[in-house]
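# Observations on the three-dimensional arrangement
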Amino acid sequence: MSNSKPVYKVMDEKGRILIPKQLRAATGMNYGDIIKLTVQKGVVAAKKVDIIEVGDQSPQAVEAYVFSAVKTMEKQTLLSLAAQLIALIEEITRE
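Residues numbered from 1 in each chain as written. Predicted model: local features only at pLDDT ≥ 70, side-chain atom pairs only at ≥ 80, totals over all residues. Heavy atoms only, no water.

## What about the overall build of the protein chain?
- Regarding its fold elements, the protein chain presents three helices and two strands.
- Helices and strands in the protein chain line up, N terminus first, as α-β-β-α-α.
- Taken over the C-alpha trace, the protein chain has a radius of gyration of 17 Å; the compact-globule value for 95 residues is 12 Å, which it surpasses by more than 25%.
- Each of the 95 residues in the protein chain was classed as buried or not, and the buried ones make up 7%.
- Long-range contacts, defined here as pairs at least 24 residues apart, represent 18% of the contacts in the protein chain between residues at least 6 apart.
- Here the protein chain displays about 8,700 Å² of accessible surface, and carbon together with sulfur accounts for 59% of that area. (Helix = DSSP H or I, 4+ residues; strand = E, 2+ residues; numbered from the N terminus. Rg over C-alpha atoms; globule rule 2.2 N^0.38 Å. Buried < 20%, exposed > 50% of the residue type's maximum accessible area, 1.4 Å probe, protein only. Contact = heavy atoms within 4.5 Å. Areas by Shrake-Rupley, 256 points an atom, 1.4 Å probe, with all protein chains shown as cover.)

Written out as structure tokens, the structure reads:
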């Protein structure tokens with residue numbers, strides 16, 4: 001894919017762009033993967049990673065970690081986790 005023509009995309013009003021299927025396939029990116037975004041010399045780079053950097057507790061890193069972990073959980077574990085999260089949300093909204 002590195003020798004192919006550039007791909008141009010228009011950013012939407014929320015700052016999102018779609019990474020075309022052929023680019024995702026060439027890099028092994030799939031739904032739910034953690035993608036690390038960096039900026040170097042004005043260039044944004046996207047790289048699939050398997051682990052969040054140690055110590056990064058930003059909301060974005062935590063969300064990426066949770067989504068990645070959920071992909072490997074068994075159905076019963078997911079249902080239990082969902083029930084616990086719903087109970088926590090209900091508790092928080094009552095306060």
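## What about the confidence of the model for the protein chain?
- The pLDDT averaged across the protein chain works out to 86; a share of 97% of its residues lies at or above 70.
- Of all helices and strands in the protein chain, the one with the weakest mean pLDDT is helix α2 (residues 59-70) (81), whereas helix α1 (residues 21-27) scores best (92). (pLDDT = per-residue confidence, 0-100.)

## Looking at the environment of threonine 72
- One can find threonine 72 in the loop between α2 and α3 (75-94).
- In terms of polar contacts, threonine 72 uses its side chain to reach the backbone carbonyl oxygen of alanine 69, at 2.9 Å. (Polar contact = N/O pair within 3.5 Å; in protein donor to acceptor, adjacent residues only side chain to side chain.)

## Overview of the pairing of strand β2 (residues 43-49)
- Looking at chain direction, strand β1 (residues 34-40) and β2 are connected through seven bridges and run antiparallel. From the neighbouring strand, valine 39 faces β2, where its bridge partner is valine 44. (Pairing = 2+ DSSP bridges.)

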